[in-house]
Amino acid sequence: PAPAMSTTKPEHRRRSSSITSALKQVPLNQQSTNQMATSEVKPLSGPPRPRRKPDELPELYHSKGFWNDLKTGRWMLIPSSSFLLMLLPVTLYLNHNLLTHYGILGHGTPNPFAYLLFPQGRLPNGKYTKAWTDFLFLAYYIIFWSFVRQFVTIHVLRPLAQSLGIKGGKIMRFTEQGYAVFYFGILGVCGIFVMRGLPTWWYKTEHFWLEYPHRQMTLELKTYYLMQAAYWLQQTIILAAKIEKPRKDFKELVAHHIVTLWLIGWSYTIHLTYIGVSIFVTMDVSDIFLAFAKCVNYVNEDASAPVFAVFVCVWTYFRHYLNLIILWSVYNQFELIPASERQLFSPLEDIWMAPWMKWQIFVPILLLQFINLFWYFLILRILFRAVFSAGLKDERSDDEDEGEVEPSTEEKIKAVKGKKAE
């Protein structure tokens, strides 16, 4: 008779801490976990496909030629292709300047490629206003952020992860969170710098409304706002087109990105960039600590607990305390807008602030707060269990372990044959 198969689980299987569980449930592009199918695997005709090494770059990130990448949208994932696409307007801009310099084109001929590369709408006093050509600027910098993201993740953070001893699927997750530290670290500092030059510095919320409308912007403010918009558009395109594998929190991320773009677009259109910068700062600074906590967790789970504790404090202050102050200001201080500026809604005349617009501002910020509260509940629940239960008890099932590599087809076939032999 065939020997009975053991049903006991391995005793020494690696288990992750509750901090790991907490970090997996909060936003910032968490990789989804696919379970191996349990159905019988039948042999395939022909020689077996070579098995990809667990630390090897996935096939999706290898170029199939510039034109193929351009047609399929893979250029957003291939840094060499996005770089070539990004280089084209720069080359044309420089060639136009050379033709003008040598008199082939008349002096004073406007360079059409400048609309892609630089903010437009400069006023005689040196400040800037919104312009239709801002859409061209956004289109170019979607390409720019695609290149930066993939270059940093593939050529900087991936080798760093491997040098730190990270293996398997954790490498991709480390690079995603490492890029979040990179991006939000830069834009978080830029946001604080821009906010420092505004009357709203550190949430003097009455100035969201007193000087309204804020039609004129400094170069720094306009560039910062459009770069943020380009980043979120690029992230949303990748998410909506499913160019990458959907994440575990796909629905929450879609809702978050839609609300974020709603806030960016409306605040820029209706001249509420002061309040927009304030919201950017609350989101970006907290995201730095979230992404950093995840990176530390991938390197050393034991070291992640104090970083996670700091992250919870930062998240609480920025994502909830400061955002609630902004909500309070919209609800209670909206009437500080001069009466002459909040009587009429006439988009063709660039007049927006009718009384009902108060709720158009309030609702998306409130929705953003609801999404943040959902994630905050998950964070606090796991933190509570980690502190008040028996140590850092693992809350996940055994089959949620990380870093496992799916067996090749050939190995699955051998496993099935072995079971039949028994």
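The residue numbering used here restarts from 1 in each chain and proceeds along that chain's sequence as written. In keeping with the model being predicted, local features are shown solely for residues with a pLDDT of at least 70 and side-chain atom pairs are shown and tallied solely at 80 or more, while totals for entire chains, interfaces and linings include all residues. Excluded from the side-chain calculations are hydrogens and water; all other atoms, namely the structure's heavy atoms, are used.

**Q** Give me unusual backbone geometry: which residues, what numbers.
**A** Note the cis peptide between Tyr-212 and Pro-213, where omega equals 5 degrees. Checked against the element boundaries, Pro-213 lands in the loop between helix H6 (170-196) and helix H7 (219-240). At Trp-202, a residue that is not glycine, the phi angle is positive and equals roughly 45 degrees. The residue Trp-202 is located in the loop between H6 and H7 in this model. Positioned with a positive phi, Asp-350 is a non-glycine residue whose angle comes to about 60 degrees. Numbered from the N terminus, helices here are DSSP runs of H or I no shorter than four residues, and strands are runs of E no shorter than two.

**Q** Can you explain the packing of H6 against H7? Please cite residues and give values.
**A** The N-to-C vectors of H6 and H7 enclose an angle of 155 degrees; their axes lie 10 Å apart at closest approach. In this view, H6 runs roughly antiparallel relative to H7, as classed from their interaxial angle. Crossing of H6 over H7 shows left-handed handedness. Facing H6, whose interface residues are Tyr-179, Tyr-183, Phe-184, Leu-187, Cys-190, Gly-191, Phe-193 and Val-194, H7 presents Glu-220, Leu-221, Tyr-224, Met-227, Gln-228, Tyr-231 and Trp-232. Grouping the constituent residues of the contact of H6 with H7 by class yields 12 nonpolar, 2 polar and 1 charged. Inter-axis angles, ranging from 0 to 180 degrees, are taken between N-to-C directions of lines fitted to C-alpha atoms, where helices are fitted over the stretch in contact. Angles below 35 degrees are treated as roughly parallel, those above 145 as roughly antiparallel, those between 65 and 115 as roughly perpendicular, and all remaining angles as oblique. Note on convention: near helix rotated counterclockwise from far helix by under a right angle means a left-handed crossing. Clockwise means right-handed. Residues count as neighbours in contact if any of their non-hydrogen atoms are within 4.5 Å of one another. Three classes are used, and their members are as follows: Ala, Val, Leu, Ile, Met, Phe, Trp, Tyr, Cys and Pro are nonpolar, Asp, Glu, Lys and Arg are charged, and the others, Gly among them, are polar.

**Q** Go over the pattern of salt bridges, please, and point to the residues and values.
**A** The term salt bridge refers to a pairing of a side-chain nitrogen on Lys or Arg with a carboxyl oxygen on Asp or Glu at a separation within 4 Å. The full count for this structure, using the stated rule, is 7 salt bridges. Where Lys-130 meets Asp-350, a salt bridge forms, and the shortest distance between an N and an O atom there is 2.9 Å. Linking Lys-130 in the loop between helix H4 (114-117) and helix H5 (134-163) with Asp-350 in the loop between helix H10 (304-333) and helix H11 (357-388), this pair joins segments that are 220 residues apart in sequence. A single salt-bridge network, built from bridges that share partners, covers Lys-130, Arg-215 and Asp-350.

**Q** Give me the lowdown on the packing of aromatic side chains, citing residues and values where you can.
**A** For this analysis, a ring pair means two rings from Phe, Tyr or Trp (six-membered ring only for Trp) whose centres lie within 6.5 Å, classed as stacked if their planes differ by under 30 degrees, edge-to-face if by over 60, and tilted for the remaining angles. Summed over the entire model, instances satisfying the criterion amount to 36 aromatic pairs. Ring geometry for Phe-208 against Trp-209: centres 6.2 Å apart, planes inclined by 80 degrees, an arrangement best described as edge-to-face. On the basis of relative accessibility, which here comes to 0%, the residue Phe-208 falls in the buried class. Throughout, exposure labels follow a simple rule: accessible area from a 1.4 Å probe, protein chains only, divided by the maximum for the residue type, with under 20% read as buried, over 50% as exposed, and the rest as partly exposed. Judged by its relative accessible area of 0%, Trp-209 is buried. Lysine and arginine charges are scored as sitting over a ring when NZ or CZ, respectively, is within 6 Å of the ring centre and within 35 degrees of the ring normal. The ring of Tyr-331 carries the charged tip of Lys-358 above its face, separated from the ring centre by 4.8 Å.

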